[in-house]
Amino acid sequence: MTRGVSDKITFKPYNQNEQWLLPPSLDELVPENHFVRIVSKTVDELRIEEVFAKYTKGGGASRYNPVMLLNILVYCYMTGTAIQRQMKMQLSCE
C-alpha cells in the first residue's frame, strides 16, 4: 500500500454536544422546543445500520457521518429548505 493511502473507512467527527472554546455551546444556541431537536431525536432513534453497511471501501478523505447528513436532509425536506447538489451526492452510497 502506498504512503497516505488507507483502506480504513473514516468519518469526520460528529458530536452535537461538543463544547466551544468560549461559550455558548451549539446546544445553547438552539431553543429547547425547536423543530430541529425533534428531527434529530427521531433520526437518532432510527435503526440505520444498513446505511453504514454500504460504506465498504475506505481510503481517500474522511466522509461526513451519515447520521448527520440524514438529519440535515430530513430537516431540509420538512422545512422546504433547498439542499445543495453536493450534499445529495454525498448521501448516495455508490
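Here, every reference points to the structure presented above.
Below you will find a few notes about this structure. Everything numeric here is computed off the predicted structure, so don't read it as measured data.

## Observations regarding the overall build of the protein chain
Reasoning step 1: Check the secondary structure of the protein chain and you find five helices and zero strands.
Reasoning step 2: When contacts within the protein chain are restricted to residue pairs at least 6 apart in sequence, those whose partners lie at least 24 apart make up 63%.
Reasoning step 3: Of the roughly 7,800 Å² of accessible surface on the protein chain, 56% is carried by carbon and sulfur atoms.

## Some details on the packing of helix H2 (residues 35-45) against helix H4 (residues 66-79)
Reasoning step 1: Relative orientation of the contacting elements H2 and H4 amounts to 135°, with a least axis distance of 9 Å. With respect to their mutual orientation, H2 and H4 come out oblique. Considering the relative orientation of H2 and H4, their crossing is right-handed. Of the residues in H4, those touching H2 at Phe 35, Val 36, Val 39, Ser 40, Val 43 and Asp 44 are Val 67, Leu 70, Asn 71, Val 74, Tyr 75, Met 78 and Thr 79.
Reasoning step 2: When grouped by side-chain class, the residues that make up the contact of H2 with H4 number nine nonpolar, three polar and one charged.

Cut-offs and rules
- Per chain, residue numbering runs from 1 following the sequence as it is written.
- Two thresholds apply to this predicted model, a pLDDT of at least 70 for residue-level local features and 80 or more for giving and counting side-chain atom pairs, whereas whole-chain, interface and lining totals are computed over all residues.
- The side-chain figures draw on all heavy atoms in the structure; neither hydrogens nor water molecules are used.
- Secondary structure elements are taken from DSSP: a helix is a run of H or I of four residues or more, a strand is a run of E of two residues or more, and numbering for both begins at the N terminus.
- Here a residue-residue contact requires only that any non-hydrogen atoms of the pair lie within 4.5 Å.
- Here the accessible surface of atoms and residues is derived via Shrake-Rupley with a 1.4 Å probe, and residues count as covered only by protein chains that are part of the display.
- The axes are straight lines fitted to the C-alpha atoms, using for helices just the contacting stretch, and the angles between their N-to-C directions are given from 0 to 180°.
- These descriptions rest on fixed angle ranges, namely under 35 degrees for roughly parallel, over 145 for roughly antiparallel, 65 to 115 for roughly perpendicular, and the rest for oblique.
- For any pair of crossing helices, the crossing counts as left-handed if the nearer helix is rotated counterclockwise from the farther one by less than a right angle, and right-handed if it is rotated clockwise.
- Side-chain classes follow a simple rule in which Ala, Val, Leu, Ile, Met, Phe, Trp, Tyr, Cys and Pro form the nonpolar group, Asp, Glu, Lys and Arg form the charged group, and the remainder, Gly included, forms the polar group.

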